Structures are given as C-alpha cells and as structure tokens.
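Residues per chain are reported as follows:
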Amino acid sequence: MSGDKPVELPSEAELAEMSRDELVRLGTKMDGVELVHYEEKFPVAGTRAERRAQRSVAAWFLVSALSGIAFLGVFLFWPWEYESPSNETAHFLHNLYNPLIGLFLGLSVFGLGIGALLYTKKFLPDELAVQQRHDGPSTQVDRATLVAELADAGDRSGIARRSLIKRTAGLGAGVLGLGVAAVPLGALVKNPHSDSETKNSLWHTGWKAEKGEKVYLRRHTGNFHEVSLVRPEDVEPGGFETVFPFRESERDDEHALVAALKRADAPVMLIRMRPNQAITKRAGQEDFNYGDLYAYSKICTHLGCPTSLFEQQTGLLLCPCHQSQFDVFEYAKPRFGPATRPLPQLPITVDEDGYLVARSDFIEAVGPAFWERKS
C-alpha cells in the first residue's frame, strides 16, 4: 500500500460541514480499509421474517428480565431462615432458597447472553473488510471519522429502529444489574442501632444473656441437635476447641439448637494455656479468663474469616484467608497481616455444676469494622 495515492485531508471548515456518510467514506480511506463483501440480513425492512426474528430475540431478553425479577423476589422475600424437618412445609421451602437463587440468576444471565448472540446472528450485516496497518498518532480528522464510523455501525445494525428489542434488552440488562447489586448490598445493610439491646444487633452476639439465663459453652459434635457442654478438664494444656452458646431454654427447640451453631458471630475458641506460660492481659480484661482457660472470638477482625489455625508453641492464631496472626500470649493482639484489632475476649467462669459458662457477652463488637464502630 506504500504506492497508493495519499488521502487528501479536508480543512477544519470542510470537516465541520461534512455529513456522516462522507466522514465514514473518508475514515475508511484514511484507515486503508477495503470492503470486500457487505450484505444486509434483511434488505427490505418490515418483512414477516424480520419481525419473526425480532420476536425471537426479544423473547430471550424478556426471559432474562423475568428471571431477574424472580431472582430479586426470592432473594428479598423467600423464607431463608432454617426450619426444622419437623415442620415439613417450612423446611422444604427453606431448602429451595439457594437452588432458586442460583436458577433464576443463572437464567437471567443466560437469557441476556442468548439474546445478544441471536441478535448478532440474525441482524448484523455480513461484512468482510481488509484493513492495512496504520501507525501514527490520532488527529482531529481521525477522531471525527471514528465517531462517524461507530454511529454508522450502530445504524447498520438496525438496533435503532427495533424498539421491541431495545426495550427488552434494556429491561433484561437493568434487572440483572439490580440483582447483581442486591447480592452484596443485601447482606451488608443492617442498622447497628436496631434492637441494640438484643443479641441480634451488631453490638451484641449470641452470647448475650437474656432474662438472666445462664449461657453455657457448648461443643459441636457433628450432630446439630446434641448438647455437649464443656468442663475445664475437657481441654488439655496447649489444646483448644471451638465452642458455641447454649441455654437450657433451647434444649428442646431444634431450630434454636441449629441456629446457635450457625450464627456468624457465635464461634469462640476456648484455649488452655500451658502451665507457667507468661500471659499479658488486656487492660480492663484481667479477670476474663478462668485459670489457664481463655476464650476468644473466632471471627477475624479483618474481614470476618475464621481464625481456625493454632500454633501452641508460639501461641499464634492464624486466619487462613489473608494470613493475619494473633498472639494469644498477649491478649490475641495482631502480630502480622492486615488485621489491626485484637480478637475480642469472652469473659468465662465455671458454674456450681462445674460447667464453663459465659459471665457476659463480649464487651466490644466482634468481627470486622462497620459504619459506626469506633475501634
């Protein structure tokens, strides 16, 4: 192409007066584009075949929109909380929550993708063009012709005159966008002052005593309905286990027994230090331990992952998600990683029957920061 005659560039005044078609022709010449083949899918507008193709594309976009609406409906209003198998209908509906969420979200994405593919196949012109390599910086003429070429491509695609497809595609994409936004936002929006004196607020946990009832430390045996309480002698020096809150009023309540093990703020690590181990206690929490037994929240103060790995020689608790390390020899203070706050400590003691119980709830919010947390 080096022997081709250079394209004569228009002046700024001529460029401003050129029509879009003229700009398109100029742009293709400047870019060294040769149109080898061009064929419209529907040269005559408004035929039955075109309308039939349009309806098939719009139908998939409509499937996407309706599936997105169904996804939002299930996500916001379906009964998601656990129900005991003894209540067969409620338990069945609860078990459908996750499958329906996945089904409708997947169908919404699938419908939008199939609609876009069908539109490309059925309506975009068959075009074959060859372009020579073009180097050098863009000029004002390049920018003007590029805009004209993009607008011309949109017109040739026919999308501008196919309002049914535009409306259904916009509806499908819009509803899918709302669904995608609802997933992270729906789990985050919670008022920390709502029911601030109950165990369901962000300021308290399942360890908060209600009506003066004793809260025991309960291990999870794998059976959600089994109650296994913990005594001090159950934990060997240097060992630890994960415990959860239990109240006698929940013993015959299958739902409450399961819910206590599934609460995000419930897991606590019960650790027994080795004899004569030097321990640095946090100011104001000097009596939160019971002898060599210390109880810390298992929820990482960085992003809420479980700090489930304990190295008894160094006393370091490791969060496997982002490698934060907490030193239990020094009030679970962060030693490494992105976490900046110590793990909250649960005050514990032993009742008259020799079982470990919580003296109170945590005195600070567990887990990562939220809007109104100051520490």
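Keep in mind that what you see is a predicted model, and the values were worked out from it rather than measured.

About the thresholds
- Residues numbered from 1 in each chain as written.
- Predicted model: local features only at pLDDT ≥ 70, side-chain atom pairs only at ≥ 80, totals over all residues.
- Heavy atoms only, no water.
- Helix = DSSP H or I, 4+ residues; strand = E, 2+ residues; numbered from the N terminus.
- Buried < 20%, exposed > 50% of the residue type's maximum accessible area, 1.4 Å probe, protein only.
- Contact = heavy atoms within 4.5 Å.
- Areas by Shrake-Rupley, 256 points an atom, 1.4 Å probe, with all protein chains shown as cover.
- Patch = residues over 30% accessible without salt bridge, like charges linked within 9 Å, V, L, I, M, F, W, Y side chains within 5 Å.
- Salt bridge = Lys/Arg side-chain N within 4 Å of Asp/Glu carboxyl O.
- Lys, Arg positive; Asp, Glu negative; His and termini not counted.
- Charge placed at Lys NZ, Arg CZ, Asp CG, Glu CD.
- UniProt positions renumbered as here; feature names shortened; annotations may be inferred.
- Axes fitted to C-alpha atoms, helices over the stretch in contact; angles between N-to-C directions.
- Parallel < 35°, antiparallel > 145°, perpendicular 65-115°, else oblique.
- Left-handed = near helix turned anticlockwise from the far one by under 90°.
- Nonpolar A, V, L, I, M, F, W, Y, C, P; charged D, E, K, R; others polar.

### Thoughts on the overall build of the protein
For step 1, the next point in the chain: The number of helices and strands found in the protein is seven helices and 13 strands.
For step 2, the next point in the chain: When burial is assessed residue by residue, the protein has 38% of its 375 residues classed as buried.
For step 3, the next point in the chain: Taking contacts inside the protein between residues at least 6 apart in sequence as the whole, the part at least 24 apart equals 66%.
For step 4, the next point in the chain: For the protein, the accessible surface area stands at approximately 21200 Å², while carbon and sulfur atoms represent 56% of it.

### A short note on a positive patch on the surface
For step 1, the next point in the chain: On the surface, Arg48, Arg51, Arg52 and Arg55 cluster together into a positively charged patch.
For step 2, the next point in the chain: The topology assignment puts Arg52 in helix α3 (residues 48–77).
For step 3, the next point in the chain: Judged by its relative accessible area of 51%, Arg52 falls in the exposed class.

### Quick word on the UniProt feature "transmembrane region" (unreviewed entry) in the protein
For step 1, the next point in the chain: Residues annotated in UniProt with the feature "transmembrane region" (unreviewed entry) correspond here to residues 57–80, 100–119 and 169–189.
For step 2, the next point in the chain: In residues 57–80, helix accounts for 88% and strand for 0%; the two terminal C-alpha atoms are 34 Å from one another.
For step 3, the next point in the chain: Along residues 100–119 one finds 100% helix and 0% strand; the C-alpha atoms at either end are 28 Å apart.

### Details of the packing of α3 against helix α4 (residues 88–123)
For step 1, the next point in the chain: Between α3 and α4, the shortest axis-to-axis distance is 8 Å and the interhelical angle comes to 160°. Overall, the two elements α3 and α4 adopt an arrangement that is roughly antiparallel. Seen along the crossing, α3 lies across α4 with a hand that is left-handed.
For step 2, the next point in the chain: When its residues are assigned to classes, the contact of α3 with α4 shows 22 nonpolar, eight polar and two charged.

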